[in-house]
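# Structural description and commentary
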Amino acid sequence: MQSLDTDILILGSGGAGLFAALHAHKASPDLRITVAVKGLLGKCGCTRMVQGGFNVALAAEDSVERHFMDTIEGGKWLPDQELAWKLVTLAVERIHELENELGCFFDRNPDGTVHQKAFAGQTFDRTVHKGDLTGIEIINRLAEQVWARRIARLEEHRAVELVKTPSGDALAGVLFIDMRSGEYVFVRAKAVLLATGGGPTMYKYHTPSGDKSCDGLAMALRAGLALRDMEMVQFHPTGLLAGSHTRMTGTVLEEGLRGAGGYLLNGARERFMHKYDPRGERATRDIVSRAMFAEMRSGNVTPYGGLYISMGHLGAERVARDFKGMVERCADCGFDLAGGLVEVVPTAHYMMGGVEFGQDCTTALPGLFVAGEDSGGVHGANRLGGNGVANSTVFGAVAGDAMAAWVRDQGLRRPDQPAIEAAVARCETPLKRGRGGAGGLNSVREKLYETMWERVGIVRDAEGLAAARSELAELDAELDSQAIADGNRAFNLTWHDWMNLKSLVSVSRVIAEAALARQDSRGAHFRSDFPEAGPLEQSAFSSARWAGTGLELHMKPVTFSRVRPGESLLKNAA
Ligand SMILES: Cc1cc2nc3c(=O)[nH]c(=O)nc-3n(C[C@H](O)[C@H](O)[C@H](O)COP(=O)(O)OP(=O)(O)OC[C@H]3O[C@@H](n4cnc5c(N)ncnc54)[C@H](O)[C@@H]3O)c2cc1C
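Below you will find a few notes about this structure.

## Describing the pattern of salt bridges
Evaluated as defined, the whole model comprises 47 salt bridges. Its salt-bridge partner being lysine 38, residue aspartate 215 comes within 2.8 Å of it at the nearest N-O pair. In this pair, aspartate 215 is assigned in helix α5 (residues 215–222) and lysine 38 in the loop between β2 (33–37) and β3 (54–55), connecting sequence segments 177 residues apart. On the basis of relative accessibility, which here comes to 16%, the residue lysine 38 falls in the buried class. A salt bridge links glutamate 295 to lysine 275; its shortest N-O distance comes to 3.4 Å. With glutamate 295 in helix α7 (residues 285–297) and lysine 275 in the loop between β12 (263–265) and α7, this pair connects stretches of sequence that are 20 residues apart. In this structure, a network of salt bridges that share partners links the residues Asp476, Asp480, Lys502 and Arg509.

Following this line, the structure appears as structure tokens:
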């Protein structure tokens, strides 16, 4: 097995990973920094896919307090308030850094100020953007800056295990598979950042990129770390619905469409959102997704079984100008977004849950830091559109600074050799069984999609969740009995598919357990058997960890460190 040493090892090259690399390098240019990533640096992950933009309180009439209150109220009082405060305050610093140090061009008003658009669930238009393809601008500039520095890259390297020291008191390094050869590589590091970006790709309709299969969360679970808020899976209301023959189905049509005044229509081409919420199409994602789900359940659907988004009343020319990327995407699938109707369906978009972490991105395992979508606690029960990329860039930079400071008085640690061997044996499970192909895996994937969409999706109840619990356990066992031919291991996508599914099933089990434990309805989590939010003063978040043979799940009280339910930080609030 090839073995490498580095001071700082960063897993993932999204907004979190690349910001961490740049900040750690700026703090200590002599450090050996390595970015290891399942895809190609700059070309993978979801930060690149960001369409709408980045939330930040820049305008004179806006304030970080207002951004904070929107985040807390949107998150249904479950966010960790100190993390949310850090998000809104450092977002200001980060957007200036993106523009002035890293070279991003964002759209501007005629007077030269940065243009900020409306996003649902916010009381002020604060979303900074570059047209409707903001992520490409951010990731391209970040990647160029990383390439220009002495930062090592391990591309097409899949992290498969966080390996501790023999005593288990700290992290020693990470085991990888070099996907280009199929060989194992062990990297020792003084500090490791988990920034693999979660990704709810276990649902039938989903938005994230295919490289995201919850590997980081599955590794954190195996390492004994606690994951919080895992029941909170956000569905974006407007996933493109273009039939099961195209991977375009499920991909997102950005929130700015509803923000700009787009209508949602049922199969009879009637608006329906005001039946569910006075804000209509501009209600938060959870409310709109649930309303759409109810409308679909009533059978009033489009040819592909979803609903429509309609923008034509805003003027086809304006829509074509303001949403160029979206219009082109729809045209590729035969839809006219600017002037006609486009079929849409709610689609799994983002996991609010993730590894419990401190304000400096440390975790309970010394040597392991976390940032971005792998972390939990910033958003609570619901992420505001535009707070995702703010989160990954804000906390990526915090992690970079913190790791650079931390490694100064750390040495490399000896890994637990039997743990490395056990991890290799786990990866080899399907290869040891001899001949086999992808057929069995496709059937597992279809069953996983069905279970998660029907029972652990937009509307949940105890009966469905209990059924999901046993179905997911069966799928895990079914995966362990799969066989994959051990031929050429270079880019053996069937083998990687098996590993993706293993991660997805293990994280799905946590989502189902956390959803069963939360007997109320908050934000993205809706229980038809417990439809009320419950007393906000007694808000608690779920915390789950694997301990020995089973999953331990506790509800822990939220600390209202800055504002209590019913209060506001806004001076002019009642
Ligand atoms: C279509 C779409 C549109 C979005 N639009 C917006 C928006 O307008 N505004 C907003 O705020 N947010 C938006 N988001 C959410 C936003 O993209 C995320 O919140 C954020 O960018 C996540 O950043 P990250 O660095 O945590 O993860 P990512 O950017 O997803 O990066 C994860 C990285 O980890 C790597 N990786 C995964 N597994 C492994 C492994 N096992 N080993 C090594 N590397 C691994 C991946 O290859 C990737 O490089 C959108 C998301 C999607 C999918």
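## Focus on the packing of aromatic side chains
For any two aromatic rings, the description comes down to two numbers: the centre-to-centre distance and the angle of the planes. Applying the stated criterion across every chain yields a total of 10 aromatic pairs. When the ring of phenylalanine 272 is compared with that of tyrosine 276, the centres are 6.3 Å apart and the planes differ by 85 degrees; the resulting orientation is edge-to-face. Judged by its relative accessible area of 2%, phenylalanine 272 falls in the buried class. Since its relative accessible area comes to 34%, tyrosine 276 is described here as partly exposed. Each residue in the set Tyr203, Tyr205, Phe235, Phe293 and Trp453 is aromatic and connected to the rest through ring pairs, giving one cluster. Looking at arginine 94, its charged tip hangs above the ring of phenylalanine 19, at a distance of 5.6 Å from the centre. Geometry around tyrosine 350 places arginine 383 over its ring, the cationic atom sitting 4.1 Å from the centre.

## Quick notes on helix α9 (residues 324–332)
Within α9, burial applies to Gly325, Met326, Val327 and Cys330. Residues of α9 that are buried make contact with β11 (233–240), α8 (316–322) and β14 (341–351). Where α9 ends, the next residue or the one after it, glycine 334, has phi of about 85 degrees, a positive value.

## Structural notes on the site of the ligand
Around the ligand sit 40 residues in total, of which Cys46, Thr47, Gly53, Asp211 and Lys212 are the nearest. Within the contact set of the ligand, a nitrogen atom lies 3.5 Å away from a backbone nitrogen or oxygen of glutamine 51. Within the side chain of lysine 212, a nitrogen or oxygen atom sits 2.8 Å from an oxygen atom of the ligand. When isolated, the ligand has an accessible area of 1000 Å², and the protein chains bury 99% of it. Elements with a minimum of two residues in the shell around the ligand: α1 (15–27), β2, β7 (157–164), β14 and α10 (387–406). Sort the elements by how many residues they give to the shell around the ligand and α10 lands first, with four residues. Considering only residue class, the shell around the ligand consists of 13 nonpolar, 20 polar and seven charged.

## Concerning the sheet that holds β14
Taken together, the four strands give an open sheet; going across it, the order is β11-β14-β13-β12, and neighbouring strands pair in antiparallel fashion. Strands with a single pairing partner mark the edges of an open sheet, and in this sheet they are β11 and β12. Sheet twist, expressed as the average angle between the axes of neighbouring strands with direction ignored, equals 40 degrees. Note that strand β13 (residues 307–310) and β14 share four bridges and pair antiparallel. By the bridge assignment, isoleucine 309 is partnered in β14 with valine 342.

## Points about the environment of methionine 452
Inspection of the secondary structure puts methionine 452 in helix α12 (residues 439–455). Taking relative accessible area as the criterion, methionine 452 reaches 0% and is therefore assigned buried. Sequence spacing of methionine 452 and threonine 251 is 201 residues, and the spatial spacing of their C-alpha atoms is 18 Å. Look past the residues within four positions of methionine 452 in its chain and what remains in contact with it is Met202, Tyr203, Gly457, Leu472, Ser508 and Ile511.

What counts and how
Residues numbered from 1 in each chain as written. Predicted model: local features only at pLDDT ≥ 70, side-chain atom pairs only at ≥ 80, totals over all residues. Heavy atoms only, no water. Salt bridge = Lys/Arg side-chain N within 4 Å of Asp/Glu carboxyl O. Helix = DSSP H or I, 4+ residues; strand = E, 2+ residues; numbered from the N terminus. Buried < 20%, exposed > 50% of the residue type's maximum accessible area, 1.4 Å probe, protein only. Phe/Tyr/Trp six-rings, centres within 6.5 Å; stacked < 30°, edge-to-face > 60°. Lys NZ or Arg CZ within 6 Å of the ring centre and 35° of its normal. Contact = heavy atoms within 4.5 Å. Near = heavy atom within 4 Å. Polar contact = N/O pair within 3.5 Å; in protein donor to acceptor, adjacent residues only side chain to side chain. Areas by Shrake-Rupley, 256 points an atom, 1.4 Å probe, with all protein chains shown as cover. Nonpolar A, V, L, I, M, F, W, Y, C, P; charged D, E, K, R; others polar. Pairing = 2+ DSSP bridges. Axes fitted to C-alpha atoms, helices over the stretch in contact; angles between N-to-C directions.

The values reported here are purely geometric and, on their own, carry no functional implication.
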